[in-house]
Amino acid sequence: QKEVEQDPGPLSVPEGAIVSLNCTYSNSAFQYFMWYRQYSRKGPELLMYTYSSGNKEDGRFTAQVDKSSKYISLFIRDSQPSDSATYLCATVYNFNKFYFGSGTKLNVKP
Amino acid sequence: DTAVSQTPKYLVTQMGNDKSIKCEQNLGHDTMYWYKQDSKKFLKIMFSYNNKELIINETVPNRFSPKSPDKAHLNLHINSLELGDSAVYFCASSHGTGENSPLHFGNGTRLTVT
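Quick caveat: nothing in here was measured; it's all calculated off a predicted structure.

Definitions and cut-offs
- Residues numbered from 1 in each chain as written.
- Chains lettered and ligands numbered in written order.
- Predicted model: local features only at pLDDT ≥ 70, side-chain atom pairs only at ≥ 80, totals over all residues.
- Heavy atoms only, no water.
- Helix = DSSP H or I, 4+ residues; strand = E, 2+ residues; numbered from the N terminus.
- Rg over C-alpha atoms; globule rule 2.2 N^0.38 Å.
- Buried < 20%, exposed > 50% of the residue type's maximum accessible area, 1.4 Å probe, protein only.
- Areas by Shrake-Rupley, 256 points an atom, 1.4 Å probe, with all protein chains shown as cover.
- Lys, Arg positive; Asp, Glu negative; His and termini not counted.
- Charge placed at Lys NZ, Arg CZ, Asp CG, Glu CD.
- Contact = heavy atoms within 4.5 Å.
- Pairing = 2+ DSSP bridges.
- 1 Å grid on protein atoms, 1.4 Å probe; cavity = no way out; pocket = protein on both sides within 12 Å on 5 of 7 lines; lining within 4 Å.
- Points joined across faces, edges and corners; volume = space filled by probe spheres on them.
- Nonpolar A, V, L, I, M, F, W, Y, C, P; charged D, E, K, R; others polar.
- Salt bridge = Lys/Arg side-chain N within 4 Å of Asp/Glu carboxyl O.

A. Representation of the overall build of chain A. The helix and strand tally for chain A stands at 0 helices and 11 strands. When its helices and strands are written in sequence order, chain A yields β-β-β-β-β-β-β-β-β-β-β. Against the globule reference of 13 Å for 110 residues, chain A gives a C-alpha radius of gyration of 13 Å, in line with a compact fold. The burial tally for chain A puts 44% of its 110 residues in the buried class. About 5,200 Å² of surface is accessible on chain A, with carbon and sulfur atoms providing 48% of the total. Charged side chains of chain A number 12 positive and 10 negative; the gap between the two group centres comes to 6 Å.

B. Fine view of the overall build of chain B. Within chain B one finds 0 helices and 11 strands. Starting at the N terminus and ending at the C terminus, chain B contains elements arranged as β-β-β-β-β-β-β-β-β-β-β. In terms of overall size, chain B behaves like a compact globule, its C-alpha atoms giving a radius of gyration of 13 Å where 114 residues would be expected to give roughly 13 Å. Counting all 114 residues of chain B, 45% fall into the buried class. For chain B, the proportion of contacts with a sequence separation of at least 24, taken over those separated by at least 6, is 54%. Approximately 5,600 Å² of chain B is accessible, and the part contributed by carbon and sulfur atoms is 47%. The averaged location of the 11 negative side-chain charges in chain B is 7 Å from the averaged location of its 12 positive side-chain charges.

C. Broad picture of the pairing of strand β10 (residues 97-100) of chain A. Residues and elements named next belong to chain A. Burial of β10 is one-sided: the residues Phe98 and Phe100 facing one way are buried, the residues Lys97 and Tyr99 facing the other way are not. Bridging between strand β9 (residues 85-93) and β10 involves 4 bridges; their strand directions are antiparallel. Directly across from Ala90, in β10, lies its bridge partner Phe100. Linking β9 back to β10 in an antiparallel pair, the connection comprises 3 residues, with Asn94 at a positive phi of about 55°.

D. Representation of the layout of surface pockets within the structure. Residues and elements named next belong to chain B. By volume, the largest pocket amounts to about 290 Å³. Contributions of two or more residues to the lining of the largest pocket are made by β9 (87-94) and β11 (109-113). At 4 residues, β11 tops the list of elements feeding residues into the lining of the largest pocket. When grouped by side-chain class, the residues that make up the lining of the largest pocket number 6 nonpolar, 8 polar and 6 charged.

E. Quick peek at the side chain of B:Ser48. Note that B:Ser48 resides in strand β5 (residues 43-50). With near-sequence residues (within four places) excluded, B:Ser48 lies in contact with B:Thr31, B:Met32, B:Tyr33, B:Glu53, B:Leu54, B:Ile55 and B:Ile56.

F. Inspection of the pattern of salt bridges at higher detail. Summed over all chains, the structure comprises 6 salt bridges over all chains. The salt bridge partner of A:Glu45 is A:Arg37, with a shortest N-O separation of 3.3 Å. On the accessibility criterion, A:Glu45 (34% relative accessible area) is partly exposed. Using a relative accessible area of 12% as the deciding quantity, one classes A:Arg37 as buried. Note that B:Glu82 is salt-bridged to B:Arg63, the shortest N-O span being 3.5 Å. Of this pair, B:Glu82 sits in the loop between β8 (73-78) and β9 while B:Arg63 sits in the loop between β6 (53-57) and β7 (64-70); the two residues are 19 residues apart in sequence, bridging distant segments of the chain. On the accessibility criterion, B:Glu82 (40% relative accessible area) is partly exposed. Accessibility expressed as a relative area gives 12% for B:Arg63, which makes it buried. When salt bridges that share partners are traced, they join B:Arg63, B:Glu82 and B:Asp85 into one network.

That's the geometry; what it means functionally is another story.
This is how it looks when you write it as structure tokens:
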């Protein structure tokens, strides 16, 4: 079983829609969770970084962690065509071992 | 003012050749990494160095040899390139060695072996 599982999509939504991206993880000891955005032919760019359970909001983005179900989510409000990218969830454990989901490709249509 | 920069951006070479990829970060981080991203976008750790010392060495063929001359640089040398080495290689850095330090990535080196 992979440490982090993510639906690869692709996910296609109209501009202005609320987007929900999700991952599950395997080890209840994981405490730090990240969301990265990767545009085509670019490196992953850190979007959100959360610790333990709860919500964290930054502009149109909200990251949510539910430790009881080992579920992490990223919500994007008022989605824009510029949000079209691949979104990667990640966690880190045990001295710099970062584990990534395989990414969900999002397309926001104008 | 690029934070993590790697060169070259593209590398096309033939099987059996030896090639190097260079990485530099100006973030003042003390931990650097090499990741391999396959065609399905899956990112897999290869190596990690902290203050020039190797701390993570995943199951990677010994044709791959990282070298860290100082904590701002981490290079990757690949001997006897194979078709299966074709992928995008990302350099990354973080501050410290604990969990409270997310990764910052370069823009990748797209390696194609023919």
